Amino acid sequence: MFRCWRTRGAVVFDVTCFRPGTWPPEISPAPLTRLHVCSGAVRAWRLHPPSLPLPQTIKKTRFPHWDEVLELQEMPGAPAPLRVELWDWDMVGKNDFLGMVEFPPPVLQQNPPRGWFRLLPFPRAEEDSGGQLGALRLKVRLIEDRILPSHNYRPLTELLTEAVRGPAEEDAASPLAVLEELTSGDCRQDLATNLVKLFLGQGLAGPFLDYLTWREVTRTTDPNTLFRSNSLASKSMEQFMKLVGMPYLHEVLKPVINRVFEEKRYIELDPCKIDLGRTRRISFKGAPSEEHVREASLGLLTGYLGPIVDAIVGSVGRCPPAMRLAFKQLHQRVRERFPQAEHEDAKYLAISGFLFLRFFAPAILTPKLFDLRDQHADPQTSRSLLLLAKAVQSIGNLGQQLGQGKELWMAPLHPFLLQSISRVRDFLDRLVDVDGEEAGGPARALVAPSVIVREGYLLKRKEEPASLAPRFAFKKRYFWLSGETLSYSRSPEWQMRFSIPVSHIRAVERVDESAFQLPHVMQVMAQDGAGALRTTYLQCKNVNELNQWLSALRKASAPNPDKLAACHPGAFRSSRWTCCLQAERSAAGCSRTHSAVTLGDWSDPLDPDAEIQMVYRQLLLGRDQLRMKFQEDFNIDTSPEADTVRASGAKEGACPEALARQREAAGRLLEVLADLDRAHEELQQREQQTAALGPLGH
């Protein structure tokens, strides 16, 4: 899959895979494949940052798999097509063009591509190749928004928070109810991420999840189907765990995941998939039999599963308090809804369904997506991870489906799984045995003061490099980032460390490549003990590492006061700023600062204005439907007889007072959306007037 989306005037490509067709005779059957992103009008799009590398070259395969992220920033001017090209990379000589996919602006804007797309020869003469160049699978998502000043979003934010602060009752006209009704699939997952971040920023993540949980539980009659669908409640809890629980996940799973990758053992229990040719010699008496392979695989699996289960059941004290409180609320809601003895397991399954089936098991299956590994696993290791994930899922299901279905070959593992289930029940009881209320700002919940959230080597620029050339002014240092400090030293073992308090950070921004003629540089602006602003320049090895450090630093410093509104994306060299050419070192910044990166996922820091803007866009999709319902309810007959008819056709528990509250809530929501419409129109008019005046109009 290959995804692309536009964020605030940018297009980001997340590359995954390619399927070849009939290769030209001059191309080797296993080429070194390289993906290249360009445009029909060079001035319309540029890589952001400009030094952004192309996806890595994939070696020795006709089916390359990238899974990388690229970002293209929109430039002024008319929209231009976007083109993705595939090349065979040669160490000596020219690279060979293999084909391309091109999308005109109307397609990107109106009908975002999704699926396999046939590669075209240059310059789109498909009849010359007979359509035999292969295909590229991709998915395109476009988001282009203007972010208004914070005060414009305050009424909508208040409406959303009122819904979770008020009494728990079914209200079809509340903003959250409308959003849940109108979204599905990928849109619902994106919405869940935005809402969780928004309520984390308000310190209301617990009440928000409890509100959604209550809605889901009250509408469910069969506990076996509870939270099994991709409802807004399920997606929100899933994204919440990723936002607050990633350090916890890494601490629990990373040691065993690293072992699996490093040992590369052959593991297989399915007789239909056992390949004796790929196994190591188990006995010197001869080639291993299928039974020997299954016995050895069972021993290896339990050798990996044992430490995983031990780490999980012993992790109660390391689980973030916010997660434990959310699970406690979920436990109480399910127990109240299904108090019968035959549903005793429902309260356990509700929690384990999230923690094991939607958190631990997916991380084991695809460690790269959870930052547990830098690269995807090879096929043999992937199979081992799949078997481990299946086992963890069975434990999370409390053994209810053991021995059922088509995977009877998992039976040798059942005794170990059954022994683990009682330990997991005890773990879940201890997990929800927690007191206290959710407290602190978003970053305090996300980045604990003592937890190292990111570490690794970076290149740091000397404070006063004098006459050194830029490339020699950067020295390799090892950095640690926690909720309290950004510290560094010569190496991980070096005793002397220097540190920057996270509470002193005022901005974290990218630096233009032209500043030092070096790519992937960022700047950390912080106040020293005397209150003076100091800038530390750091270079990362690639754009992915740059985005990850930007995200981590911005997330850690999110609650800091007195953030800078503008900065210089260049450097002060030769008595002037390289970005705006101002001659005063103390000159005001020429570019606004940012609070988020454009990865567009759970790893981004909180950006309340961006999150509420996305919620506003989702509400616009259902405004007409909401308006029709509001007007119908407002204009209906209010006689007692009509109230009786309406009550009989409404949901159980509905009454005229409830309908009146729903009409009032719908009216308020429509008014807030209209106000935001006007604010966007005014902003667009101002931008058009500014553009018409040109540079001389300033």
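Our structure is the block above this text.
All of the points below concern the structure found in this document. What you see as residue numbers is a count from 1 along each chain, following the sequence as written. Thresholds applied to this predicted model are a pLDDT of at least 70 for local features of residues and 80 or more for the giving and counting of side-chain atom pairs; totals over whole chains, interfaces and linings are not thresholded and use all residues. Note: side-chain values were computed over all heavy atoms of the structure, leaving out hydrogens and water.

## Details of the pairing of strand 16 (residues 533-539)
Here strand 10 (residues 452-461) pairs with strand 16 via two bridges, running antiparallel. When the sheet's bridge partners are listed, Lys460 is paired in strand 16 with Leu538. A pair of strands is labelled paired if DSSP reports no fewer than 2 bridges between them. A run of H or I in DSSP counts as a helix once it spans at least four residues, and a run of E counts as a strand once it spans at least two, with each numbered from the N terminus. Taken together, the seven bridges between strand 15 (residues 521-527) and strand 16 define a ladder with antiparallel strand orientation. When the bridges of strand 16 are listed, Ala526 appears paired with Arg534. Counted between consecutive antiparallel strands, the loop separating strand 15 from strand 16 contains five residues, among which Gly531 sits at a positive phi close to 90 degrees.

## With respect to helix 14 (residues 543-556)
Expected span of a helix, by definition, is 1.5 Å for each gap between consecutive residues, and there is one gap fewer than residues. Here helix 14 spans 20 Å end to end across 14 residues, near enough to the 20 Å set by a 1.5 Å rise per residue. To sort residues, take the accessible area from a 1.4 Å probe on protein chains only and compare it with the maximum for the residue type: under 20% means buried, over 50% means exposed, and anything in between is partly exposed. For helix 14, the tally of buried residues reaches twelve of 14 residues, placing the bulk of the element in the interior. Three or more residues of helix 14 are buried, namely Val543, Glu545, Leu546, Asn547, Trp549, Leu550, Ser551, Ala552, Leu553, Arg554, Lys555 and Ala556. Whenever a nitrogen or oxygen atom comes within 3.5 Å of another N or O atom, the pair is scored as a polar contact, on the condition that within protein one atom can donate a hydrogen and the other can accept it, and that pairs from neighbouring residues in sequence are kept only if both atoms are in side chains. The residue sitting at the N-terminus of helix 14 and contributing the capping side-chain oxygen is Asn542; that oxygen lies 2.7 Å from the backbone nitrogen of Glu545.

## Re unusual backbone geometry
Excluding glycine, residues mostly have negative phi values, and the peptide bonds linking residues are mostly trans. Phi angles above zero are rare outside glycine, and Gln517 is one such case at about 55 degrees. Relative to the helices and strands, Gln517 is located in the loop between helix 13 (513-516) and strand 15. Phi angles above zero are rare outside glycine, and His520 is one such case at about 60 degrees. Take His520: it is sitting in the loop between helix 13 and strand 15.

## A closer look at the packing of helix 3 (residues 175-182) against helix 15 (residues 608-621)
Relative to each other, helix 3 and helix 15 sit at 70 degrees, their axes nearing to 9 Å. Here helix 3 lies roughly perpendicular to helix 15, going by the angle between them. At the point where helix 3 passes helix 15, the crossing takes the left-handed sense. Where helix 3 approaches helix 15, its residues Pro175, Val178, Leu179 and Leu182 are matched on the opposing element by Val615, Gln618, Leu619 and Leu621. Gly falls in the polar group here, along with every residue not listed as nonpolar (Ala, Val, Leu, Ile, Met, Phe, Trp, Tyr, Cys, Pro) or charged (Asp, Glu, Lys, Arg). Along the lines of polarity and charge, the residues of the contact of helix 3 with helix 15 split into seven nonpolar, one polar and no charged. Where helices are involved, their axes are fitted lines through C-alpha atoms of the stretch in contact, as for all axes, and angles between N-to-C directions lie from 0 to 180°. In what follows, roughly perpendicular refers to angles from 65 to 115 degrees, roughly parallel to angles under 35, roughly antiparallel to angles over 145, and oblique to any angle outside these ranges. In this scheme, a crossing is called left-handed if the near helix is turned counterclockwise away from the far one by less than a right angle; it is called right-handed if the turn is clockwise. Here a residue-residue contact requires only that any non-hydrogen atoms of the pair lie within 4.5 Å.

## A short note on the nonpolar core
Counting 110 residues, the largest nonpolar core has Phe240, Phe327, Phe356, Phe360 and Phe427 as the members making the most contacts within it. At 16 residues, helix 6 (residues 232-263) tops the list of elements feeding residues into this core. Excluding residues within four positions of it along the chain, Phe427 makes contact with Tyr248, Ile312, Val313, Ser315, Val316, Leu355 and Phe356. In plain words, nonpolar cores are sets of buried Ala, Val, Leu, Ile, Met, Phe, Trp, Tyr and Cys residues tied together by side-chain atoms within 4.5 Å. Grouped together as the second largest cluster of nonpolar side chains are 20 residues, Val502, Ala526, Leu546 and Ala552 included.

## A few points about the environment of Phe498
Position of Phe498 relative to the elements: it lies in strand 13 (residues 498-501). Separated by ten residues in sequence, Phe498 and Tyr488 place their C-alpha atoms 5.5 Å apart. Dropping the residues within four chain positions of it, Phe498 is found in contact with Leu486, Ser487 and Tyr488.

## So, the sheet that holds strand 15
An order of 13-12-11-10-16-15-14 is seen for the seven strands of this open sheet, with the pairing classed as antiparallel. The open sheet has two edge strands, strand 13 and strand 14 (505-511), and neither has a second partner. Mean inter-strand twist for the sheet, computed between neighbouring axes without regard to direction, equals 35 degrees. Of the pairings in the sheet, the one linking strand 11 (residues 474-482) to strand 12 (residues 485-489) comprises four bridges and is antiparallel in character. By the bridge assignment for strand 12, Trp480 is matched with Ser487. Along the sheet, helix 14 makes contact with strand 10, strand 11, strand 12, strand 14 and strand 15, crossing strand 14 at roughly 165 degrees.

## Some points on the packing of helix 7 (residues 290-313) against helix 11 (residues 414-431)
Close contact between helix 7 and helix 11 brings their axes to 10 Å; oriented N to C, the two are set at 15 degrees. Of the possible angle classes, the one that applies to helix 7 and helix 11 is roughly parallel. As for the relative orientation of helix 7 and helix 11, their crossing is left-handed in sense. The residues of helix 11 that touch helix 7, namely those facing Thr302, Leu305, Gly306, Val309, Asp310, Ile312 and Val313, are Phe416, Ser420, Arg423, Val424, Phe427 and Arg430. The residue makeup of the contact of helix 7 with helix 11, split by class, is seven nonpolar, three polar and three charged.

## What to know about the packing of aromatic side chains
Only centres within 6.5 Å qualify two rings of Phe, Tyr or Trp (six-membered ring in Trp) as a pair; their planes then separate them into stacked at under 30 degrees, edge-to-face at over 60, and tilted for everything else. One pass over the structure, following the stated rule, counts 14 aromatic pairs. With centroids separated by 5.4 Å and ring planes inclined at 80 degrees, the aromatic side chains of Phe474 and Phe516 adopt a geometry described as edge-to-face. Of this pair, Phe474 sits in strand 11 while Phe516 sits in helix 13, placing them 42 residues apart in sequence. Phe474 gets classed as buried once you look at its relative accessible area, which sits at 6%. To sit over a ring, a charge needs its Lys NZ or Arg CZ within 6 Å of the ring centre and within 35 degrees of the ring normal. The ring of Phe338 has Arg337 lying over it, and the distance from NZ or CZ to the ring centre is 5.0 Å.

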